[in-house]
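Descriptive analysis of the structure
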Amino acid sequence: MNDVAVTTLLIVALFALLGSGVWIGLTLAGVAWIGMQLFSSRPAGDAMAITVWGSSSSWTLTALPLFIWMGEILFRTKLSESMFRGLAPWVNGLPGRLLHTNVIGCTIFAAVSGSSAATCATIGKMTLPELGKRGYPEEITIGSLAGAGTLGLLIPPSIIMIVYGVSADVSIARLFVAGIFPGILLASLFSGYLMVWALLNPGKVPRRDGTMTFGQKLHESRHLIPVVLLIAAVLGSIYSGVATATEAAAVGVVGSLLLSAAQRSLGWQTFRDSLMGATRLYCMIALILAGAAFLTLAMGYIGLPRHLAEYVASLGLSPFMLMVALAIFYIILGCFLDGISMVVLTMGVILPTVQAAGIDLIWFGIFIVIVVEMAQITPPVGFNLFVLQGMTGKEITWIARVTMPFFFLMCVMALLLWFVPQIATWLPGKM
Amino acid sequence: QTKWDLPAAYPASNFHTVNLQQFANDVDKATGGKLKIQVHANASLFKAPEIKRAVQQGQAQIGEILLVNYQNEWQLFGADGLPFLADSYDQAMKLYKAQKPFLDKKLGEQGMMLLYAVAWPPQGIYSKKQINSAADMKGLKWRAYSPATARIAELVGAQPVTVQAAELSQAMATGVVDSYMSSGSTGYDTKTYEQLKNWYDTQAWLPKNAVLVNRAAFNALDKPTQDALLKAGAEAETRGWAASRAENDRTIGLLKQNGMNIIAPSPQLKADMKKVGDVMLKEWLEKAGPDGKALVDAYQK
Amino acid sequence: MRKTLDLLYDGAAWLAALAMIGVLAMVLLSIVSRQLGFQATGTDAYAGYAMAAAGFLALAHTLKHNEHIRVTLLLGRLQGRAKHALEMWALTAAVLLAALFAYYSVRLAWQSHVLNDISTGNDATALWIPQLGMAVGTVVLLVAFIDEWWLELTGRRVTTEPEEALHNE
Ligand code: NA
Ligand code: NA
């Protein structure tokens, strides 16, 4: 059977199972199962169990449940409310007002966490209820959160950069540094879009509550102290060498428990609710991760991503057209696979082509991170979409639709990166 | 036409993987395309700790493992991870020859066969500060990534730190780790020279990567294909050991170019580390039983 | 019967919550041991095992809370018998897939025991022990799906709104 037929059959199976309401994690496992039984000579079951176990018990993932727990604790404190009081006077003058808290929150938290799902879940726990209470429309709050959550990958530390750095044999430290400017730039693009949106939809943004003098604004900023302390503790633990980037999540949990205790909102009830809430949200993601791990294994056996990558490599394109082709290739792949799998499954084929085209590998790393960010928000398999469906109960298609503008902003970012490569390469060049 | 999957844990550019790919091409050529081996580098199919089991159960017909990784399961898998037992390429080859009958027997019992094995370049000590004796190692934040490296830390009074390979670079930058043992090749690949500036060329041990074949899958091949596979494996072994030496010279040169001090260990440090090695060999012999003793005797003969 | 089943799901979920605390404890232990200079061997592996237990043991409880996500675009538009039919199909597919998942998870732990599969890390744990968490969790999930399937078939299935959704609106 040729690749086109295999692909068609698997995609049809995926959409049929998903569309008929089969749970997402099970659907991915089911598609993988069909793929392996039909198109590979390997027995599927044992391979599935080994892979699922390996991915669900891997140390590198431990930061995810802990950050989710941290979000659940913060959500039950007065921390999110006070963060809003502290930020409000500063963003109230901008079109879009408090909507910018999503972007600012995710940008700051991205410096703490290496994953996009954790960033989305933790910040969302704080901003979604507060923005909802204040009457901001759901489509823009959820859309901007899904988009901005992906900054967790671009702003260091970043799990995907580590994976790419090891595959491509480039310095991880340099990759991290290279991500800083593009991260801030992308955050500014998001904020810029929010302003434009607010100017075009003047009726939809709630009114500001009075003007303040600079002194009053500073005084209101005292409410930011707890959240700043928390972030400083987590970041400080990483950069002082107390904890590794993975371990820092535990510092975050302890820090938020302490804050919660200091605000007298920590009781048995709160503790239990946060723990059970985190366990369920993590469990929901874990089932999907398990299905995704199996699907990745099946793809490895069947070789679809590899064949597709070989095809792109064989086209003999000019560097620019090669990047466009790769962007399209990864966007399509990103609809069905998670970012790390995409990188691991294709780098062996893609890297020699990219090197032959004379493209800087640090630059390409940032480019890859941006396309992987896009994969987080494209349906049907997009982890930020899943996290937000779990948190808001909204339909995934609706979330994907309201997130669409942010997907296009990332495309703009990829183009900017092509025409001004220094955005990524200047800072690491100074090292 | 038969298709085999070969999971491997190291990136496509690593010399072991390059050798594997060459081996796969040779098999393809020698069998006239009858046996096609797809190399899945960079842990893209199975992750390092899963590969042995995948081959054992037939999820992959062939796979590459780091033997010392499996020391917990059976001590003799870790014979080439004993510090200062075999401390040069020639000694490592000698140890391999002594170890091979035991490996063949054990892997045979597990439904597998050893096709070939290639040593990594010799292991040295990367350190932020100068080390002239074991006393200088006291209090080092020492990355312990295997039972053996954890035990060395204990014996010299260093603080063993568990850091995953993926986080090593950042851990060194922030000072979570200030020393670890590895080859020049790994140190170059992980860009250790960006953080730590001293490498003590202790040649402590030369761990091996082994390529295992599922016995049932092998038996299912026809005789000419089996022969072609074995022949290509033997060639890959010879080629691999030579490539390992070349890689050692190349990466040490590259480390130097990148500002790493390549230091021959002082006589004191050598003597101290030899003592550590003796203690560990004694402990290992206790755990490894009569087979272990037979292996060491065969090697030292 | 109903009580026993609910107890099973919730009991497993409490174990999962304990495992979640275990993840935190293990990661903290690895930080603290470094600061105070004592040895805590294998914390990274134990944190991983605890995380796996947290994820798998809560599967059924999360399902019962209707917090495992699915695409309900089509289901939401259907009414009456058509809706019931589609739900039955989705649940049947889910039961089959959960059965595969459970069977091979149990087999994984069993085979680890038979093959004497031991962790390659510093912890040197016999892997079948932590894999029990996955085996038990997936079996309980299978039970929960069969439970849902039966309730839907007999027309007694009620889906609760996820708690999370209420939090945010
Ligand atoms: Na980040
Ligand atoms: Na996607």
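Conventions we followed
- Residues numbered from 1 in each chain as written.
- Chains lettered and ligands numbered in written order.
- Predicted model: local features only at pLDDT ≥ 70, side-chain atom pairs only at ≥ 80, totals over all residues.
- Heavy atoms only, no water.
- UniProt positions renumbered as here; feature names shortened; annotations may be inferred.
- Contact = heavy atoms within 4.5 Å.
- Buried area = accessible area lost by both parts, 1.4 Å probe.
- Salt bridge = Lys/Arg side-chain N within 4 Å of Asp/Glu carboxyl O.
- Polar contact = N/O pair within 3.5 Å; in protein donor to acceptor, adjacent residues only side chain to side chain.
- Helix = DSSP H or I, 4+ residues; strand = E, 2+ residues; numbered from the N terminus.
- Nonpolar A, V, L, I, M, F, W, Y, C, P; charged D, E, K, R; others polar.
- Donors = N, O, S within 2.8 Å, 3.2 Å for Na, K, Ca; no water.
- Buried < 20%, exposed > 50% of the residue type's maximum accessible area, 1.4 Å probe, protein only.
- Phe/Tyr/Trp six-rings, centres within 6.5 Å; stacked < 30°, edge-to-face > 60°.
- Lys NZ or Arg CZ within 6 Å of the ring centre and 35° of its normal.

An unreviewed UniProt entry lists chain C under the name TRAP transporter small permease protein, from Caenimonas terrae. In its Sequence similarities (unreviewed entry) section, UniProt records this for chain C: "Belongs to the TRAP transporter small permease family."

Chain A is annotated in an unreviewed UniProt entry as TRAP transporter large permease protein from Caenimonas terrae. Within the UniProt record for chain A, the comment given under Subcellular location (unreviewed entry) is "Cell inner membrane". Quoted straight from UniProt, the Subunit (unreviewed entry) entry for chain A says "The complex comprises the extracytoplasmic solute receptor protein and the two transmembrane proteins."

With 33 residues of chain A at the contact, the number on the chain B side is 28 residues. Summing the contributions of chain A and of chain B, the shared interface buries around 2700 Å²; its carbon and sulfur component is 54%. At the boundary of chain A and chain B, one finds one salt bridge. A salt bridge links E194 of chain B to R174 of chain A; the nearest nitrogen and oxygen atoms lie 3.9 Å apart. Between chain A and chain B we count two residue pairs in polar contact (both at pLDDT 80 or more) in total. When contributions to the side of chain A that touches chain B are tallied by element, the ones reaching two or more residues are α3 (44–56), α10 (159–168), α11 (172–200), α13 (225–239), α15 (268–302) and α18 (339–356) of chain A. A per-element tally of the side of chain A that touches chain B places α3 of chain A first, with five residues. Each residue belonging to the side of chain A that touches chain B can be placed in one class, and the counts come to 19 nonpolar, nine polar and five charged.

So, about the coordination of the sodium ion (ligand 2). All names here are of chain A. In this structure, G334 (O), A375 (O), T378 (O), T378 (OG1) and V381 (O) serve as the protein donors to the sodium ion (ligand 2), at separations of 2.2 to 2.6 Å. Sequence spacing among the residues donating to the sodium ion (ligand 2) works out to G-x40-A-x2-T-x2-V. Look at A375 and you get buried, because its relative accessible area is 6%.

Tallying the contact residues gives 68 residues for chain A and 63 residues for chain C. For the pairing of chain A and chain C, the buried interface totals around 5700 Å² over both sides, and the portion due to carbon and sulfur atoms is 73%. For the chain A face of the interface with chain C, the top three residues by lost area are W23, W53 and R280 of chain A, together amounting to 17%. Applying the counting rule to chain A against chain C returns three salt bridges.

Side chains bearing opposite charge may pair, as long as their charged atoms lie close to each other. The tally for this structure, following the rule as stated, stands at 37 salt bridges over all chains. Of the charged contacts, one joins D26 of chain B and R239 of chain B as a salt bridge, the two residues approaching to 3.2 Å between their closest N and O atoms. A residue pair is termed long-range when its members are at least 10 positions apart, and D26 of chain B in helix α1 (residues 15–30) and R239 of chain B in helix α8 (residues 223–257) qualify at 213 residues. For D26 of chain B, a relative accessible area of 14% corresponds to the buried category. A residue is classified by how much of its surface remains accessible, and R239 of chain B, at 26% relative accessible area, is partly exposed. Notably, a salt bridge pairs D147 of chain C with K64 of chain C, separated by 3.0 Å at the nearest N-O pair. In this pair, D147 of chain C is assigned in helix α6 (residues 128–153) and K64 of chain C in helix α3 (residues 59–64), connecting sequence segments 83 residues apart.

Summed over all chains, the structure comprises 32 aromatic pairs over all chains. Summarising the aromatic geometry, the rings of F67 of chain A and F109 of chain A are spaced 5.2 Å apart at their centres and angled 75 degrees between planes, so their arrangement reads as edge-to-face. Placement of F67 of chain A in helix α4 (residues 63–75) and of F109 of chain A in helix α6 (residues 100–110) is noted, with a sequence separation of 42 residues between them. As far as the burial class goes, F67 of chain A and F109 of chain A line up, both buried. Between the aromatic rings of W363 of chain A and W418 of chain A, the centroid separation amounts to 5.8 Å while the plane-to-plane angle is 75 degrees, which identifies the pairing as edge-to-face. Of the two residues, W363 of chain A sits in helix α19 (residues 361–376) while W418 of chain A sits in helix α21 (residues 396–419), which places them 55 residues apart along the sequence. What links up through ring pairs into an aromatic cluster is the set Y164, F320, W363, F364, F367, W418 and F419 of chain A. Across the ring face of W398 of chain A, the terminal group of K394 of chain A is positioned such that the distance to the ring centre comes to 5.4 Å. Lying over the aromatic face of Y299 of chain B, K94 of chain B brings its terminal NZ or CZ to 5.3 Å of the ring centre.

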